[in-house]
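# Survey of secondary and tertiary structure
This is what each chain is made of:
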Amino acid sequence: RKEVEQDPGPFNVPEGATVAFNCTYSNSASQSFFWYRQDCRKEPKLLMSVYSSGNEDGRFTAQLNRASQYISLLIRDSKLSDSATYLCVVGHINTGRRALTFGSGTRLQVQP
Amino acid sequence: DVKVTQSSRYLVKRTGEKVFLECVQDMDHENMFWYRQDPGLGLRLIYFSYDVKMKEKGDIPEGYSVSREKKERFSLILESASTNQTSMYLCASSPGDLTYGYTFGSGTRLTVV
């Protein structure tokens, strides 16, 4: 089983739609959580951190459910420029290892 | 603007060549990482380093080595390049813990022929 699992998509949505991505992680000791955005042939860039209380940044809302080991990202009023791959990322500090683990990504295509 | 800089954007090498991928960060970060990214497999950790002259194996270290002689520079070495090492290589850095995530370089697309 992969440590971080995401639906690869693609999600094809019209402009203005609301779309939600989900992600599950297997390591209950995980301590930090992020969503990254990756455009085609570019490097991943941090979209937002995810906190236990949930957090919002403009049209983007991220939520964390530790009991279910589940992270979500909600995008409201989708724009064409939101088209990208969204990576769910989880971090934990084990003995001898302090690194982030990436999901394979969910592709979003926003259509006019 | 803070940066992670990878020396080459595109690279073509022959099978059996020794290949050096360089990464430099200007943020005084303790941690540096090398990942490779392949379609359907996502980002996989090759090696990482928490400090100068220190290195740790990631999930797929076979066929690779690293060097960190200075805090700002982390080099990935392919000892004898093979076609299955054709991939996108991404360098990243982060401060001491993982609270702020990583900053990535723009990547090196390596093709081994």
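Calculation notes
- The numbering scheme is per chain: residues are counted from 1 as the chain's sequence reads.
- As they are written, the chains are lettered A onward and the ligands numbered 1 onward, keeping that order.
- The model is predicted, so local features are restricted to residues of pLDDT at least 70 and side-chain atom pairs to those at 80 or more, both for listing and for counting; the totals for chains, interfaces and linings are taken over all residues.
- Working from all heavy atoms in the structure, the side-chain values ignore hydrogens and water.
- We count a stretch as a helix when DSSP gives it H or I for four or more residues in a row; a strand needs E for two or more, and each element gets its number in order from the N terminus.
- Partly exposed residues are those whose accessible area sits between 20% and 50% of the maximum for their type, while under 20% is buried and over 50% is exposed, using a 1.4 Å probe and protein chains only.
- Residue contacts are counted whenever heavy atoms from the two residues lie within 4.5 Å of one another.
- The charged-residue count follows a simple rule in which Lys and Arg add positive charge and Asp and Glu add negative charge, with His and chain termini not counted at all.
- A charge is said to be at NZ when it belongs to Lys, at CZ for Arg, at CG for Asp and at CD for Glu.
- Classification of ring pairs rests on two measures: the distance between centres of Phe, Tyr or Trp rings, Trp counted by its six-membered ring, which must be within 6.5 Å, and the angle between planes, read as stacked under 30 degrees, edge-to-face over 60 and tilted in between.
- Counted as over-ring charges are cases with an Arg CZ or a Lys NZ within 6 Å of the ring centre that also lie within 35 degrees of the ring normal.
- Note on definitions: buried area is the accessible-area loss of two parts on being combined, 1.4 Å probe, summed for both.
- What counts as a salt bridge is simple: a side-chain nitrogen of Lys or Arg found within 4 Å of a carboxyl oxygen of Asp or Glu.
- Between N or O atoms, a polar contact is any pair within 3.5 Å; within protein, one atom must be a potential hydrogen donor and the other a potential acceptor, and residues adjacent in sequence are included only when both atoms are from side chains.
- Two cysteine sulfurs form a disulfide in these notes if their separation is within 2.5 Å.
- By nonpolar core is meant a set of buried Ala, Val, Leu, Ile, Met, Phe, Trp, Tyr and Cys residues that side-chain atoms within 4.5 Å join together.

## Structural notes on the overall build of chain B
The secondary structure content of chain B amounts to zero helices and 12 strands. When the helices and strands of chain B are placed in sequence order, the string is β-β-β-β-β-β-β-β-β-β-β-β. Viewed in the frame of its principal axes, chain B has a C-alpha envelope of about 40 × 25 × 25 Å. Taking all 113 residues of chain B together, 50% fall into the buried category. In chain B, of all internal contacts separated by at least 6 residues, the share reaching a separation of at least 24 is 55%. In chain B, 15 side chains carry a positive charge and 15 a negative one; their mean positions are 7 Å apart.

## Quick notes on the packing of aromatic side chains
The geometry of two aromatic rings is summed up by the distance between their centres and the angle between their planes. If you walk through the whole model with that rule in mind, you get 17 aromatic pairs over all chains. When the centroid spacing of 6.5 Å and the interplanar angle of 40 degrees are considered together, the rings of Phe33 of chain B and Tyr35 of chain B count as tilted. The exposure classification of Phe33 of chain B matches that of Tyr35 of chain B, with both residues buried. Measuring from ring centre to ring centre gives 5.9 Å for Tyr35 of chain B and Tyr102 of chain B, while their planes differ by 55 degrees; the resulting arrangement is tilted. Of this pair, Tyr35 of chain B sits in strand β5 (residues 31–38) while Tyr102 of chain B sits in the loop between β10 (87–94) and β11 (103–104), and the two are 67 residues apart along the sequence. Residue Tyr102 of chain B is classed as buried on the basis of its relative accessible area of 3%. Three or more aromatic residues joined by ring pairs make a cluster, and in this case those are Phe34, Tyr36 and Phe102 of chain A together with Phe33, Tyr35, Phe48, Tyr50, Tyr102 and Phe104 of chain B. Residue placement shows Arg9 of chain B over the ring face of Tyr10 of chain B; its charged tip is 5.8 Å from the ring centre.

## Considerations on the interface of chain A and chain B
The accessible area lost on association of the parts is a frequent measure of interface size. Between chain A and chain B, the contact holds 20 residues from the first and 28 residues from the second. Roughly 1900 Å² is buried in total at the junction of chain A and chain B, and carbon and sulfur atoms are behind 53% of that figure. At the boundary of chain A with chain B, the tally comes to zero salt bridges. Where chain A meets chain B, there are five residue pairs in polar contact (both at pLDDT 80 or more).

## Points about the state of the cysteines
Evaluated as defined, the whole model comprises two disulfides over all chains. Disulfide pairing places Cys23 of chain A opposite Cys88 of chain A at an S-S distance of 2.0 Å. Disulfide Cys23 of chain A-Cys88 of chain A: the torsion about the S-S bond is -75 degrees, which places it as left-handed. Here Cys88 of chain A lies in strand β9 (residues 84–94) and Cys23 of chain A lies in strand β3 (residues 19–25), a separation of 65 residues in the sequence. Take Cys23 of chain A: its relative accessible area is 1%, and that puts it in the buried class. The disulfide partner of Cys23 of chain B is Cys91 of chain B, and the gap between their sulfur atoms is 1.9 Å.

## So, the nonpolar core
In this structure, Phe21, Trp35, Ile71, Leu73, Ile75, Tyr86 and Leu108 of chain A are the most contacted members of the largest nonpolar core, which totals 23 residues. Elements with a minimum of two residues in this core: β3, β4 (32–38), β7 (60–65), β8 (70–75), β9 and β11 (106–111) of chain A. One finds Leu11, Cys23, Val66 and Tyr89 of chain B within the second-largest nonpolar core, a separate group that totals 21 residues.

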